[in-house]
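# Descriptive structure summary
This is what each chain is made of:
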Amino acid sequence: PVTLAVDGQSFKASDEEADRIWNDPNCERTANATEGIDWDVTRYQLLQIPFPESMAVIGPVVTRLENPFELDNAAMHCPFGVISVFFFFIKYLIETPQPHLGLARVYLSQLDAFSSGIHPHLLDRSDWLGKDS
């Protein structure tokens, strides 16, 4: 039998990715992006529109993130945005009148993959509605 594992030490963030995480946790550098998702606008909208009405913002973003290229790009440019969007999408899937638990489990697995390698302090420093505390 062969066992494979991936850990954060094997795939360290590039200097550019580390700079984004430490110095731009709110992803303001993506403002007016011509490629990928404008996470600055997305974050602003999520802060302004209460859940579950914010699903009008979250749904289209999640649809874009279903494309592996978009997801990889988003994770590289705004990991906290991906974490927040997945969190609220999972919340919606669970709390909807007819819960979609199987789909919620899939997205929870992705959320765990993106968030487990990030120190909680970094998420707490950001302004993405989600906090570790």
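So, how was this worked out
Residues numbered from 1 in each chain as written. Predicted model: local features only at pLDDT ≥ 70, side-chain atom pairs only at ≥ 80, totals over all residues. Heavy atoms only, no water. Helix = DSSP H or I, 4+ residues; strand = E, 2+ residues; numbered from the N terminus. Expected span 1.5 Å × (residues − 1). Buried < 20%, exposed > 50% of the residue type's maximum accessible area, 1.4 Å probe, protein only. Arc of directions from axis to C-beta. Contact = heavy atoms within 4.5 Å. Core = buried A, V, L, I, M, F, W, Y, C linked by side-chain atoms within 4.5 Å. Salt bridge = Lys/Arg side-chain N within 4 Å of Asp/Glu carboxyl O.

## Let's talk about helix H6 (residues 101-115)
Compared with the 21 Å implied by 1.5 Å per residue over 15 residues, the 20 Å span of H6 between its first and last C-alpha is a close match. The set of residues buried in H6 consists of Ala104, Tyr107 and Leu111. Down the axis, H6 shows its buried residues gathered within 75° of arc, on one side only. Opposite the buried face of H6, by more than 90 degrees, sit the exposed residues Arg105 and Ala113. Buried residues along H6 sit in contact with helix H3 (55-65) and helix H5 (79-95).

## Focus on the nonpolar core
In this structure, Trp39, Ile58, Leu65, Phe80 and Val85 are the most contacted members of the largest nonpolar core, which totals 30 residues. Mapped by element, the contributors of at least two residues to this core are helix H2 (39-48), H3, helix H4 (68-77), H5, H6 and helix H7 (120-125). Considering every element that reaches this core, the biggest residue donor is H5, with 9 residues. Those residues in contact with Phe80 that sit more than four places away from it in its chain are Ile21, Pro25, Ile118, Leu122, Leu123, Ser126 and Trp128.

## As for the pattern of salt bridges
The full count for this structure, using the stated rule, is 5 salt bridges. Arg43 is the partner of Asp40 in a salt bridge, and the nearest nitrogen-oxygen pair spans 3.5 Å. In this pair, Asp40 and Arg43 are both assigned in helix H2, 3 residues apart and thus about one turn of the helix distant. Given the relative accessible area of 10%, Arg43 is considered buried. Via salt bridges that share partners, Glu28, Asp40 and Arg43 belong to a single interconnected network.

## Thoughts on the side chain of Ser54
Here Ser54 lies in the loop between H2 and H3. Here Ser54 falls in the buried class, since its relative accessible area comes to 3%.

Function-wise, these values are silent; they only describe arrangement.
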